[in-house]
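Secondary and tertiary structure notes
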Amino acid sequence: MLELIGHLHPLLVHLPIGILLLAILFELLPSRKRYRPLKRSIFTILLIGSTTAVMSCVTGYVLSQSGDYESELIGWHQWMGISLTIYSLGYSWIRNKKGFKPYRKLFSFVLLILLMITGHLGGSITHGEDYLMAAVSVKSSFNLSNVNLQEALYYEDLVKPILQNRCAGCHGSSKQKGKLRLDAPEYILKGGKDGKVLIAGKVDDSEMIDRLLLPPDDEDHMPPKEKAQPSAKEIEILKLWIASGADFKKSVVESNQVVSLQKVMSSKEIKLITDVPEEDVASADSKTINELLKLGAVILPVAQGSNYLSVNLINVEALDSAVDQLSQLNQQLVWLKAGGQPMTDNHLLKLVHLNNITKLSLEHTRISDVGLSSLKSLKNLQYLNLNGTQVTFRGLVQLEGLPQLKNIFVYQTLINREDIGALNKSFPNAIIDFGDYVVPALPFDTIVSRAPVSK
Amino acid sequence: MTQKEIHNQRLQKEAEHVSLQCYTRRHFIKESAMGLGSLALGALLGSCGNNPSPIANNFFDATNPLAPKPPMFTGKAKSVIYIHMAGAPSQLELFSYKPELSKLDGLDCPPSLLEGKKFAFIRGVPKMLGPQANFRQHGQSGLWLSDNLPHLSTVIDDMAILNAVTTDQFNHAPAQLLMHTGTPRLGRPSLGSWVTYGLGSENKNLPGFVVLTSGGNNPDAGKSVWGSGFLPSVYQGVQCRSEGDPVLFIKDPDGMNRDLRKASIDAINKINHEEYQEYKDPEILSRIAQYEMAYKMQISVPEVMNINDEPLYIHEMYGTKPGEANFANNVLLARKLVEKGVRFVQLFDWGWDTHGDSAGNAVDIGLINKCRRVDRPITALLLDLKQRGLLDETLVIWGSEFGRTPMQENREGKQMPFKGRDHHAAAFSMWMAGGGIKGGTSYGESDEIGYDVVSGKVEAFDIQATILNQLGFDHEKFTFESQGRPFRLTDVAGKVLHEIIS
């Protein structure tokens, strides 16, 4: 029951904030005739506001006793809250006294200041001290790969930054969820409500690692699903540290972990290159979309709610008009399938400005080297299918320098397999697929009628 | 609510009650159809208002139920080829390398493995049966594969093998239903229906979900494994054949030419339209759309189902024999269909039920022959999709309803004439390739004799969740409202196998 009362605090605090603000606002209004009815209500509003402030104080005190919060901030917040309550009560009492009228605005202004300070302190306790300014302040980037392993201290330079960034928001100086703090060695060793969080040398028995590795949907998974998650690399570092004895003083060299850490640190973080741009885009002109639909094109957002479009011309008969319409989608079009259509170099010329295209299928079209040169401007192109077209080596190398190109399909084109070396030089990051795979005939392909003699 | 409003409401209820009493049953049925129809229409119009863009809608459009729709998020895969070996091939002779089991060959099965277990045919104490194939590591990934699949070993670096798949059904039909519809009982929509319902079909002349069977029989669970359950019936799989007419009953009968056919369909549709005007039942619009689709399919399906036009080297690659109803032809057709924008192609090959009751059902004879019939075409499919630039957006799944026991089958306690294995639900193998799957990986492990799962357990729901995920659907949010509650393919289970996703 007591716990419930405490938990009402975050709900109740918004009442005095809102109600008292209203009183302040009314008080600060110029004294014109039209505002007179509002002015008359100020006393009542103040009284209600003060009452809710008293309730907030009581629930807040109960909450602070729960033990989840034990910081300096609490003390300040508590005393500011109490002063605010007394002040507002006194103010509503004194307000209608004779001779007080000229000071009303001043008093309400002081109330405003008190309200802001108390509110801010409260917010800092729940959301963290740097929450408000986090959006504007430049955060020191958290980058473990700059750590020099030969000189680094294991806890100080590697483990601490991870815990600070991923855990200390809720298990730190301002909040101690589950009575656990992970911001200093003595607290880490002490553990939390459910006991110790790590057992030196025993990764599998360490609660911390267990929680990190649980599936994100699990109730006990840490950090909670909606919070920023540590990378696989960071978890690996924590595991190695615990395995090596979880020492808070030793350097990496002393712990004999340089080699294994190097392995972890050098493993590339999986960076997703997506085939849809991350930034948002304005929705395409619905006239263009309707026109394309009428022409039979399959035109779809790449996902529900996305303004990026994929287009498949599979059902299109009037290709000229369809390509004309496509050129209007210069920001939105990301995937285009025109395979099997009588696309020519002139059609490609109209695609020059579609520079968000990442996947382009032109297999079995009538394009040639000339047309390929118009694709030079498609800086985001990742996938290019030229199977069964008349393009040659010369045509393809014109696209040298397209930075994102990953897959090029040149099966049944005029490009010779011998040019693979030169092409690999032109497109160092791309896989060039010449196709022509065969499944060789094997002696095993015949049908057996008896069990083979076992060896 | 004021006193007056309450009063008015009461009056209205009373009036409704009186008027309802005048209704005959016929009235009721007629009116309720209209009511439901307008309800559905209201839902349709409601969503129209919220989405001004002509293409952003993702609701069921009765006039064009197969219209392409966007997925929930950008998926890697655009289409699926699901190859199901009906009858359950032995994982112990194909993907699951168990050297320990050969040491136990011929010994009595220890009682610890039999206690409290139920088998389809094994009775009493069976003998253990060692792997009847040689295994080798292949490719850069070094995954184990038996010599029964020599061609497939060359593309193993494109495959992700699941070696700890498990199910709770040890009879073919319910196990197949579980794999494809998410429940061992009849009545739920199949995976392909869900996918077509969610994504529609890109090619307006072809169905979105095509089923091809080979091996002489349909799967034991019958056509329900590609049924549409409570989804609108337009989403059920269309069974096509590689021999004779591709779709039964679609050819015009003698004396009926195409113009006459068109005229008759137009006439039927006109009547249906009038019916729709009266009842506003969206299923009528579905029916109209289906007639029109069937008319278009009369031309487009024979065209796409004709593999004679494929060049010789493709036939050699797949090992196809045009005109026959065989697995290789079906695999080549699957590639052609996917290339033409069909969303989901489901292949069933029957005859993998290696009990050891005949040579054809022996794990050391019949199984090898079955493997030789599928090894080349499946390998060719992966290579062909790759060279066409389609492998990345086509998810290929190979699997079955369950696996086979590490014990030799002893039906009715007697020795069988050939080496065979009984149905085994606890641990078997499947694999996936393409469509954003991480090639050259293996996930999950069974114990030393392939009897039980040790780690990386995978259930049918997990596979379904992964397939939906690759297509851009969150299996927990992709639902259909039926009988008063939203249904999911994975019901209340399923986790996406992130370990095999690249």
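Counting of residues starts from 1 at the beginning of each chain's written sequence and follows it residue by residue. Note on labels: chains are lettered from A, ligands numbered from 1, in written order. The predicted origin of the model limits local features to residues at a pLDDT of at least 70 and limits the giving and counting of side-chain atom pairs to 80 or more, whereas totals for whole chains, interfaces and linings rest on all residues. Based on all heavy atoms of the structure, the side-chain values leave hydrogens and waters out of the count.

**Points about the overall build of chain A**
Every helix listed is a DSSP run of H or I at least four residues long, and every strand listed is a run of E at least two residues long, numbered separately from the N terminus. Assigned secondary structure in chain A consists of 17 helices and seven strands. Radius of gyration: over C-alpha atoms. The globule rule applied is 2.2 Å multiplied by the number of residues raised to the 0.38 power. On C-alpha atoms alone, chain A measures out to a radius of gyration of 34 Å, which is more than a quarter above the 23 Å that the 2.2 N^0.38 rule sets for 455 residues. Each residue is placed in one exposure class: buried if its accessible area under a 1.4 Å probe, protein chains only, is under 20% of its type's maximum, exposed if it is over 50%, and partly exposed if it falls in between. Within the span of chain A, comprising 455 residues, buried residues form 43% of the whole. What makes two residues a contact is simply this: any of their non-hydrogen atoms within 4.5 Å. When contacts within chain A are restricted to residue pairs at least 6 apart in sequence, long-range pairs at least 24 apart make up 59% of them. Throughout, the Shrake-Rupley method with a 1.4 Å probe supplies accessible areas, and for residues the shown protein chains are the sole cover considered. Accessible surface computed for chain A: about 25400 Å², of which carbon and sulfur atoms make up 57%. Only four residue types enter the tally: Lys and Arg on the positive side, Asp and Glu on the negative side; His and the chain ends are excluded. Working definition for charges: the position is that of NZ of Lys, CZ of Arg, CG of Asp or CD of Glu. Positive and negative charge centroids in chain A, built from 47 and 45 side chains respectively, lie 12 Å apart.

**Things to note about the sheet that holds strand β2 (residues 309-312) of chain A**
Residues and elements named next belong to chain A. Pairing between strands is defined by DSSP: at least two bridges between them are needed. Read from one edge of the open sheet, seven strands run β1-β2-β3-β4-β5-β6-β7, paired in mixed fashion. This sheet does not close on itself; its edge strands, each paired only once, are β1 (298-301) and β7 (431-433). Averaged over all neighbouring strand pairs, the angle between strand axes comes to 10°, with direction disregarded. Bridging between strand β4 (residues 359-361) and strand β5 (residues 383-385) involves three bridges; their strand directions are parallel. Residue L360 lies in a different strand from β5, and its bridge partner there is L384. Inter-axis angles, ranging from 0 to 180 degrees, are taken between N-to-C directions of lines fitted to C-alpha atoms, where helices are fitted over the stretch in contact.

**Points about empty space enclosed by the protein**
Residues and elements named next belong to chain B. Any residue with an atom within 4 Å of a point lines the site, the site being either a cavity, points on a 1 Å grid over the protein atoms alone where a 1.4 Å probe fits but cannot get out, or a pocket, an open set with protein on both sides within 12 Å along at least 5 of 7 lines. Grid points are joined across faces, edges and corners, and a volume is the space filled by probe spheres set on the points. Taken as a whole, this structure holds three cavities of 30 Å³ or more when the rule is applied. If you add up the space inside the largest cavity, you get close to 50 Å³. Lining the largest cavity, in full, are L94, F95, L149, L152, W352, C371, V374, D375, I378, W398 and W431. The element contributing the most residues to the lining of the largest cavity is helix α10 (residues 366-387), with four residues. Tallied by class, the residues present in the lining of the largest cavity amount to ten nonpolar, no polar and one charged. What the second largest cavity holds in volume is close to 40 Å³. In terms of lining, the second largest cavity is formed by P89, S90, Q91, L94, F95, W398, S400, F402, F428 and S429. Each residue receives one of three labels: charged for Asp, Glu, Lys and Arg, nonpolar for Ala, Val, Leu, Ile, Met, Phe, Trp, Tyr, Cys and Pro, and polar for the others, Gly being one of them. In the lining of the second largest cavity, the residues fall into six nonpolar, four polar and no charged.

**Overview of the pairing of strand β1 (residues 79-86) of chain B**
All names here are of chain B. Most of β1 sits inside the fold, with eight of its eight residues counted as buried. Of the two faces of β1, the one carrying S79, I81, I83 and M85 and the one carrying V80, Y82, H84 and A86 are both buried. When β1 meets strand β7 (residues 344-350), the two strands line up parallel, connected through seven bridges. What sits directly across from H84, in β7, is F348.

**Observations regarding the packing of aromatic side chains**
Pairing of aromatic rings covers Phe, Tyr and Trp, the last through its six-membered ring, and needs centres within 6.5 Å; plane angles under 30 degrees mean stacked, over 60 mean edge-to-face, and all others mean tilted. Across all of its chains, the model carries 24 aromatic pairs over all chains by this definition. Taking 4.8 Å as the distance between ring centres and 70° as the angle between the ring planes, the aromatic pair formed by F100(A) and F107(A) counts as edge-to-face. The class of F100(A) is buried, set by a relative accessible area of 7%. An angle of 85° between the planes, with centres 5.3 Å apart, marks the rings of Y197(B) and F480(B) as edge-to-face. Placement of Y197(B) in helix α5 (residues 191-199) and of F480(B) in strand β16 (residues 479-482) is noted, with a sequence separation of 283 residues between them. Aromatic rings pair up to connect W194(B), Y197(B), F230(B), Y235(B), F473(B), F478(B), F480(B) and F487(B) into one cluster. By definition here, charges over rings are those cases where NZ of Lys or CZ of Arg is within 6 Å of the ring centre and within 35 degrees of the ring normal. When the ring centre of Y187(A) is taken as origin, the NZ or CZ atom of R181(A), which lies over that ring, is 4.0 Å away. Across from the ring centre of Y276(B), 5.6 Å away, lies the NZ or CZ of K280(B), which sits over that ring.

**Quick notes on the interface of chain A and chain B**
Tallying the contact residues gives 45 residues for chain A and 39 residues for chain B. On the chain A side of the interface with chain B, the three residues burying the most area are Q304(A), Y437(A) and V439(A), jointly 19% of the side's total. Salt bridges are identified by distance alone: a Lys or Arg side-chain nitrogen within 4 Å of an Asp or Glu carboxyl oxygen. Linking chain A with chain B are one salt bridge, by the criterion used here. One salt bridge in this structure joins E393(B) and K337(A), with 2.4 Å as the shortest N-O distance. Looking at the side of chain A that touches chain B, the elements with two or more residues in it are α12 (286-294), β1, β2, β3 (333-337), β5 and β6 (407-409) of chain A. Buried area: the accessible area, evaluated with a 1.4 Å probe, that two parts lose upon being put together, summed over both parts.

Without other data, these values stay purely geometric and don't point to any function.
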